[in-house]
Amino acid sequence: MTGTTLGATDRTRATGARRPGWQVFLMAFLVIAAMAGSWAMTSPLESAPDEPAHTIHAAAVVRGEFVGAKSSVQRGASDVEVPAWAAQTTDLACFAFDPGIAANCQKPVTESDAERTATTSAGTYNPVYYAVVGLPSLVLDGKAALYAMRGTSLLWCSALLALGVVALAGLRARTWALGAFAVAVTPMVLFILGSVNPSALEISATVMLFCWLTRIAERRAPRVAPSHAAAVAVSGALLANTRSIALLWLLLVAVATLLDLRLLARLVRDRAVWIAAAVLAVAAIAGLAWTLGSNSLGPGIPYVGAGTSHLRGFVHMFALTFQNSDGYIGLFGWIDTPAPPSTVSLWGGLMLALTIGALVFGRGRRRRGVALLAVAMVLVPPVVQGFAVTEYGYIWQARYVLALLACMVIAAGVTLDHAFPTAFSNARVRWLFGLMLATLAVLHVHSSIWALKRYVVGAHLGWRAMVTEPQWQPPLGWPVWVGVLTLAVIVGGFLLMRAAAAPVAPLPIDGDGVVDDDRPLGTGTTTTTAASAEDDATADTAPTRIVTADGTAPGHEAR
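First, a word on what this report is: a plain description of the structure on this page. Only a predicted model underlies this, so the values are computations on that prediction, with no experimental measurement involved.

1. Looking at the overall build of the protein chain
At step 1: The number of helices and strands found in the protein chain is 21 helices and seven strands.
At step 2: Within the span of the protein chain, comprising 559 residues, buried residues form 57% of the whole.
At step 3: Of the contacts formed within the protein chain by residues at least 6 apart in sequence, a portion of 80% connects residues at least 24 apart.
At step 4: When the accessible surface of the protein chain is totalled, it reaches about 22,400 Å², and 66% of it is carbon and sulfur.

2. Here's the deal with the environment of F29
At step 1: Topologically, F29 is positioned in helix α2 (residues 21–42).
At step 2: The contact partners of F29, leaving out residues within four places of it in the chain, are L155, S158, A159 and A162.

3. Notes on the packing of aromatic side chains
At step 1: If you walk through the whole model with that rule in mind, you get 13 aromatic pairs.
At step 2: Both rings, one in F424 and one in F433, keep their centres 5.5 Å apart while their planes meet at 90°; by these two values the pair is edge-to-face. The exposure classification of F424 matches that of F433, with both residues buried.
At step 3: Cluster of aromatic residues (ring-pair linked, three or more members): W39, F191 and F332.
At step 4: Geometry around Y400 places R243 over its ring, the cationic atom sitting 4.7 Å from the centre.
At step 5: Directly above the ring of W463 sits K453, whose terminal nitrogen or CZ lies 5.5 Å from the centroid.

4. Thoughts on helix α14 (residues 310–321)
At step 1: Its twelve residues give α14 an end-to-end C-alpha distance of 16 Å, which sits within 8% of 16 Å, the value for a rise of 1.5 Å per residue.
At step 2: Elements that come into contact with the buried residues of α14 comprise α15 (325–329) and α17 (364–392).

5. Concerning the pattern of salt bridges
At step 1: Enumeration according to the criterion identifies five salt bridges in this entry.
At step 2: A salt bridge links R243 to E202, with the nearest nitrogen and oxygen atoms 2.8 Å apart. With R243 in the loop between α10 (226–240) and α11 (246–258) and E202 in helix α9 (residues 198–219), this pair connects stretches of sequence that are 41 residues apart.
At step 3: It is possible to trace a salt-bridge network through shared partners that takes in E218, R365 and R366.

6. A look at unusual backbone geometry
At step 1: Notably, D50 is not glycine yet its phi reads approximately 60°, a positive angle.
At step 2: Mapped onto the elements of the fold, D50 is located in the loop between α2 and α3 (51–61).
At step 3: Its identity is not glycine, yet F97 carries a phi of approximately 70°, on the positive side.
At step 4: Positionally, F97 belongs in the loop between α4 (84–87) and β3 (115–120).

7. Here we look at the sheet that holds β3
At step 1: Here we have three strands laid out as an open sheet, ordered β1-β2-β3, and antiparallel in their pairing. Of all the strands in the sheet, just β1 (69–70) and β3 have a single pairing partner and so form its edges.
At step 2: Packing of α3 onto the sheet brings it into contact with β2 (78–83) and β3, and relative to β2 it is tilted by some 70°.

What counts, and at which threshold
- Residues numbered from 1 in each chain as written.
- Predicted model: local features only at pLDDT ≥ 70, side-chain atom pairs only at ≥ 80, totals over all residues.
- Heavy atoms only, no water.
- Helix = DSSP H or I, 4+ residues; strand = E, 2+ residues; numbered from the N terminus.
- Buried < 20%, exposed > 50% of the residue type's maximum accessible area, 1.4 Å probe, protein only.
- Contact = heavy atoms within 4.5 Å.
- Areas by Shrake-Rupley, 256 points an atom, 1.4 Å probe, with all protein chains shown as cover.
- Phe/Tyr/Trp six-rings, centres within 6.5 Å; stacked < 30°, edge-to-face > 60°.
- Lys NZ or Arg CZ within 6 Å of the ring centre and 35° of its normal.
- Expected span 1.5 Å × (residues − 1).
- Salt bridge = Lys/Arg side-chain N within 4 Å of Asp/Glu carboxyl O.
- Pairing = 2+ DSSP bridges.
- Axes fitted to C-alpha atoms, helices over the stretch in contact; angles between N-to-C directions.

Right under this line is the structure:
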């Protein structure tokens, strides 16, 4: 039986019930997959950083070659046996690092599946992501296999992000949380989702984990629903087996969402929580064991700056952290095609406004969570770079911290919802929210066309040549995929506006007479009496008092 607040059925019918979780998932999945799919089709094959290495490793892993032989031609790399079309991917990035070269320099992809020896710098990476993404290579050859591998990656990761949306949609107040999610999914995130790259799984799993831990923390229910705990276990287990730094992301997300003694006291008494914690522990140990046992952190080809002192590396990266906005918003191709400065400024401004707003107006553990993630955003890159610079050189890239950035932005949205739960009832706030979504939609489409021009005619020719004299075209032509992206962002914006207008559910009071906003009862908590019709059955089975708009408890109990 679905748990609802007593008497909420009629109010729900009057105000409009929230959609069931499966509907939220389906709509979010279709929108995100369409947006990422547009990038997958408009980005030439092997046009993402190190995509050939990841493609080769995926083709090798699904054929049972998890590590390969130590390469004799590239330090720190592996030699593996893969089909000829997979081995050829190293030759497809003929335009890399030179934005003036269009993608028509690529030679046709062979369909031969004869075994060839190929070298990959990703040969020692955790095989979980590659074992799934490489599956299409077992039944397809050539270009079809390469696009199918991209499609497998984006569908899988889009599903994880959509499950994150389901968690946010179940919050009592979720207007700015959902808006912040839209801000967090930058063109750079979609570009990575549309390529063969384990960062796609790292980002999507981290966001899903953060959203479900936030859902559990915000519900303040007597018990954690098994489905919620399962979502945490699955996303956390996947995250722990992406990149070596993912274990740090897991720790930071857990601390940022659960650092509350009353909340922890509830969670440690819950069987579902212990089962999820056990799954996460096993997955984390497995991920750490692979990292150490495979020597994936071993030295490779030294980058610029190798031999620099740790302190100098820290200081250098600390300064760059504040200049890496294009890497968060849009740095496409082989890090050779940055998004327009206007796009970076507007998008970065929205992120900064949400974060500062949360730090100024937030309170309690939510503000502490945003502050923790913000500090980590600033300090993790220089600390890691300072530690690694002497042996490896300057290896850190802005996209490595995208998972943490996305969580920080969403955390800011959750914090603002808690500070202003009924803000969307103000017409000016609704206009502001709509303007933000419209701006994001325009920037998404503009970023896609900007990156496309670099491959269709090269960065140095004019826009007219892109239409009248294209040198390269993606399958079906670039206007088709720009149209798909445009339709997806419009539909997504419309759905977000409708979701933001959903009624705010009441806040519960715990056994100590403290409401969910960390303030004692009677201090003017602002909320509404409309309840969510989509409470989890196991999370709301015990009677729970609620708080009305004036901060007092009504005379009945919720069930």
